[in-house]
Amino acid sequence: MQLKSPAMGWAFLAALSLGATNPALAQSQLLEKVKQNPAEARQICAELRQLNSSGISSTSPQAIKVIAKQNNLSPMDAEVLSTYVIGLHCPDVR
């Protein structure tokens, strides 16, 4: 891609960097939702404890898939969410 001027190059880079912040914003909103709704966090903890009782680690691909499916999330967002929830609400989950 050929940019016509240095100013266009900077504008292009600025647009890219702004676009890159959207996933972080989405994750922040996701975490805020759980922070404001402790019952949802407790539900995730219960699910992770159930998986633990079956010998499944909360960080395993299987556990992440369950959290992603139940919350309509990408695997990456589900991993972020479960890590956040475990840290704040259920540190006993492994």
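Residues numbered from 1 in each chain as written. Predicted model: local features only at pLDDT ≥ 70, side-chain atom pairs only at ≥ 80, totals over all residues. Heavy atoms only, no water.

Comments concerning helix 4 (residues 75–89)
Between its first and last C-alpha, helix 4 extends 20 Å over 15 residues, near the 21 Å set by a 1.5 Å rise per residue. Looking at helix 4, one finds that the buried residues are Ala 78, Leu 81, Ser 82, Val 85 and Ile 86. The buried side chains of helix 4 occupy one side of the element, clustering within an arc of 130° when seen end-on. Residues of helix 4 that are exposed and angled more than 90 degrees away from the buried face: Met 76, Thr 83, Gly 87 and Leu 88. (Helix = DSSP H or I, 4+ residues; strand = E, 2+ residues; numbered from the N terminus. Expected span 1.5 Å × (residues − 1). Buried < 20%, exposed > 50% of the residue type's maximum accessible area, 1.4 Å probe, protein only. Arc of directions from axis to C-beta.)

With respect to the state of the cysteines
All chains considered together, the criterion is met by 1 disulfide. Two residues, Cys 45 and Cys 90, share a disulfide whose sulfurs are 2.2 Å apart. Here the disulfide of Cys 45 and Cys 90 is left-handed, its torsion about the S-S bond being about -85°. With Cys 45 in helix 2 (residues 38–53) and Cys 90 in the segment after helix 4, this pair connects stretches of sequence that are 45 residues apart. What makes Cys 45 buried here is its relative accessible area of 2%. (Disulfide = S-S within 2.5 Å.)

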